[in-house]
Amino acid sequence: MSNRKNRGDGSIRKRSDGRWEGRYTAGRNEETGKLIYKSVLARTRAECKRQLREALRHQEQQADMRPAQLPEAENTTQCQKDSQAFTVARWLRTWYDLYAKQNIRRSTQLQYTYFMRDLVIPRIGELPLSQLSGLRLQMLYQELRTSGRTHPQRHAGQGLSPKTVRSVHLFLHAALEQAVRAGVIAKNPTAECKPPKLERKEMKVIQAEQIGEYLQAAAERNVLPLFFLELTTGLRRGELLALLWSDLDPQNRSISVTKSVARLDGELVVSKPKTQHSIRTLIIPQQAVDLLVQEHNLHPNNPYMFPSPTTGTMYGPETVARIHKRLLKDAGLEDCRFHDLRHTFATVALQNGVDIKTLSGMLGHYSSGFTLDTYTHVTRKMQEEAAEKMGQFMEMKL
């Protein structure tokens with residue numbers, strides 16, 4: 001058999017700068033008929049080979065998703081017919097039912113339904129899909145920013161937050177990208193839009209010297225185990241409240257984080273955490289284990305780690321947020337969100353020498369880079385201190 005590669009399989013060579021380049025053909029230029037070449041770069045031959053293989057596989061998948069090859073005029077005509085058959089409203093409902101609904105969490109289902117029913121369809125739903133442009137979408141985003149609120153009892157007529165409008169943009173991008181793949185429209189108009197930038201909320205933390213006062217207030221209100229565990233793990237609120245007694249391993253001083261609770265349509269709903277990285281096992285201090293055992297002894301037949309004294313089931317997220325506000329007031333501390341307890345844990349951990357990779361795993365972040373970016377204010381100070389120490393050390397050697 002011949003060892004000669006087929007055209008399109010790609011080739012690998014070592015460049016003069018020491019890196020390896022994998023080169024492959026990516027089709028032909030429609031105007032000139034010339035081959036289009038693309039390449040990948042890597043530090044090692046093995047890595048280059050892997051990247052080349054991934055690029056070729058991605059190219060094949062893209063080819064599989066394209067509409068059947070028809071003569072150009074016929075293809076264009078069919079695309080026009082499909083887009084004219086769909087209004088924006090009809091396509092969004094079709095996409096949601098066929099492609100999205102079965103692959104997303106219930107909370108996301110409710111969010112998408114809200115976007116369609118209350119924000120997008122009332123404004124541009126009757127528009128033929130073929131007439132939807134980037135300019136029209138940009139106008140929609142602007143309208144939502146200035147007067148997008150629809151709830152009659154919650155500031156109706158006022159503007160939506162940049163985060164919500166950006167989420168609408170991502171929702172529309174996904175729906176219209178599928179329309180392109182299905183051959184319903186020729187291009188995705190969201191590519192021409194500029195969604196609003198996210199406004200990063202100010203991060204507030206309880207200072208290290210104030211944590212004792214906060215925990216004392218928690219002890220006086222008989223909720224110390226819950227808030228002590230939060231400040232020693234940085235769990236998300238839904239993760240913390242969904243814990244069962246069976247999630248604790250006292251011998252190994254660990255808890256398993258496998259679920260989260262949220263209030264959806266007025267009901268508490270338990271589901272998997274939002275990402276695979278959020279499913280994790282955490283080692284906790286012995287003091288936390290002792291407090292949890294004491295807590296369980298108060299209700300030994302209850303499966304929940306922190307049952308509500310009112311209902312006997314899980315605390316509602318909003319209830320714990322209210323308790324947190326009372327603790328701040330009792331301790332005479334500045335107001336902050338419950339989520340800021342997570343930031344407090346991360347800040348204290350970094351200041352006490354916990355490395356970024358370990359902290360990232362404990363927080364359930366998808367990457368150490370995200371953790372580093374989130375807590376730049378802490379790590380910069382640590383770098384300054386490290387630079388000062390190194391300067392002093394080197395000065396002693398002069």
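Residues numbered from 1 in each chain as written. Predicted model: local features only at pLDDT ≥ 70, side-chain atom pairs only at ≥ 80, totals over all residues. Heavy atoms only, no water.

Quick word on the overall build of the chain
Counting its secondary structure elements, the chain contains 15 helices and eight strands. The buried share of the chain, taken over its 398 residues, is 37%. For the chain, the proportion of contacts with a sequence separation of at least 24, taken over those separated by at least 6, is 58%. When the accessible area of the chain is evaluated, it comes to approximately 24500 Å², of which 49% is carbon and sulfur surface. (Helix = DSSP H or I, 4+ residues; strand = E, 2+ residues; numbered from the N terminus. Buried < 20%, exposed > 50% of the residue type's maximum accessible area, 1.4 Å probe, protein only. Contact = heavy atoms within 4.5 Å. Areas by Shrake-Rupley, 256 points an atom, 1.4 Å probe, with all protein chains shown as cover.)

Looking at the sheet that holds strand β5 (residues 254-257)
With respect to topology, three strands assemble into an open sheet ordered β4-β5-β8, the strand pairing being antiparallel. In this open sheet, the two strands that pair with only one neighbour each are β4 (248-249) and β8 (280-283). Looking at chain direction, β4 and β5 are connected through two bridges and run antiparallel. Along β5, the bridge assignment pairs Asp249 with Ser254. (Pairing = 2+ DSSP bridges.)

Side note on unusual backbone geometry
If you check the backbone angles, Asn222 has positive phi at about 60° while not being a glycine. Tracing the backbone through its elements, the reader meets Asn222 in the loop between α7 (211-220) and α8 (224-233).

Description of helix α12 (residues 339-351)
Side chains that are three or four residues apart share a direction in an α-helix, a result of its 3.6 residues per turn. Over its 13 residues, α12 extends 19 Å from the first C-alpha to the last, a length consistent with the 18 Å expected when each residue adds 1.5 Å. Among the residues of α12, those classed as buried are Asp340, Leu341, Arg342, His343, Thr344, Phe345, Ala346, Thr347, Ala349 and Leu350. Looking one or two residues beyond α12, the residue adopting positive phi is Gly353, at roughly 95°. (Expected span 1.5 Å × (residues − 1).)

Here's the deal with the pairing of strand β6 (residues 260-264)
Remember that side chains alternate between the two faces of the sheet whenever the strand is regular. Where β6 and strand β7 (residues 267-271) come together, five bridges link them in antiparallel fashion. Across the sheet, the residue bridging to Leu264 is Glu267, located in β7. Once β6 ends, the chain turns through two residues before running back antiparallel as β7, passing Asp265 with a positive phi of about 55°.

Focus on the pattern of salt bridges
Summed over the entire model, instances satisfying the criterion amount to 13 salt bridges. With a closest N to O distance of 2.7 Å, Glu47 and Arg50 form a salt bridge. Pair noted here: Glu47 and Arg50 are both in helix α1 (residues 45-65), with a separation of three residues, about one helical turn. The partner of Arg263 in a salt bridge is Glu318, with the nearest N and O atoms 2.8 Å apart. Remark: Glu318 occurs in helix α11 (residues 317-331) and Arg263 occurs in strand β6; sequence separation between them is 55 residues. One salt-bridge network, held together by shared partners, links Arg236, Glu239 and Arg280. (Salt bridge = Lys/Arg side-chain N within 4 Å of Asp/Glu carboxyl O.)

Quick word on a nonpolar patch on the surface
The grouping of Met390, Phe393 and Met394 at the surface amounts to a nonpolar patch, some 310 Å² of accessible area in total. Looking at the element boundaries, Met394 is found in helix α15 (residues 376-397). (Patch = residues over 30% accessible without salt bridge, like charges linked within 9 Å, V, L, I, M, F, W, Y side chains within 5 Å.)

Quick notes on helix α4 (residues 106-124)
End to end, α4 covers 25 Å across 19 residues, agreeing with the expected 27 Å (1.5 Å per residue, within 8%). Along α4, the residues that are buried comprise Thr108, Gln109, Tyr112, Phe115, Met116, Leu119, Val120, Ile121 and Ile124.

Points about the side chain of Arg236
Mapped onto the fold, Arg236 is located in the loop between α8 and α9 (237-241). Classification of Arg236 by relative accessible area gives buried; the value is 18%. Polar side-chain contacts of Arg236 include one of 3.4 Å to the backbone oxygen of Gly364. Those residues in contact with Arg236 that sit more than four places away from it in its chain are Lys274, Ser278, Arg280, Arg342, Leu363, Gly364 and His365. (Polar contact = N/O pair within 3.5 Å; in protein donor to acceptor, adjacent residues only side chain to side chain.)

Overview of the packing of α7 against α8
One can describe the packing of α7 onto α8 by two numbers: an axis separation of 8 Å at closest approach and a directional angle of 150°. Taken together, α7 and α8 sit at an angle that is classed as roughly antiparallel. Each of Ile211, Tyr214, Leu215, Ala218 and Ala219 in α7 lies in contact with α8, whose residues at this interface are Leu224, Phe227, Phe228 and Leu231. (Axes fitted to C-alpha atoms, helices over the stretch in contact; angles between N-to-C directions. Parallel < 35°, antiparallel > 145°, perpendicular 65-115°, else oblique.)

Some thoughts on the side chain of Thr374
Note on placement: Thr374 falls in helix α14 (residues 368-374). The buried category is assigned to Thr374, whose relative accessible area is 17%. Among the polar contacts made by the side chain of Thr374, one reaches the main-chain carbonyl oxygen of Phe370 at a distance of 2.8 Å.

Some thoughts on a positive patch on the surface
On the surface, Arg105, Lys163, Lys201 and Lys274 cluster together into a patch of positive charge. Inspection of the secondary structure assignment puts Lys201 in the loop between α6 (162-181) and α7. (Lys, Arg positive; Asp, Glu negative; His and termini not counted. Charge placed at Lys NZ, Arg CZ, Asp CG, Glu CD.)

What to know about the nonpolar core
Tyr214, Phe227, Leu229 and Phe306 are the most contacted members of the largest nonpolar core, which has 50 residues in total. For this core, the secondary-structure elements that each account for two or more residues are α7, α8, α9, β5, α10 (286-298), α11, α12 and α13 (356-363). The next biggest cluster of nonpolar side chains, apart from the first, holds 32 residues, and it includes Phe86, Trp91, Val168 and Leu176. (Core = buried A, V, L, I, M, F, W, Y, C linked by side-chain atoms within 4.5 Å.)

Notes on the environment of His339
Mapping His339 onto the fold places it in helix α12. Between the C-alpha atoms of His339 and Val205, which are 134 residues apart in sequence, the distance is 9.5 Å.

Looking at the packing of aromatic side chains
In this description, a pair of aromatic rings is defined by centroid distance and the angle of the planes. Applying the stated criterion across every chain, the model contains ten aromatic pairs. Through a chain of ring-to-ring contacts, the aromatic side chains of Trp95, Tyr112, Tyr114, Phe115 and Phe171 assemble into a single cluster. Stacked on the ring of Phe86, the Lys or Arg Arg90 has its end atom at 4.5 Å from the ring centre. (Phe/Tyr/Trp six-rings, centres within 6.5 Å; stacked < 30°, edge-to-face > 60°. Lys NZ or Arg CZ within 6 Å of the ring centre and 35° of its normal.)

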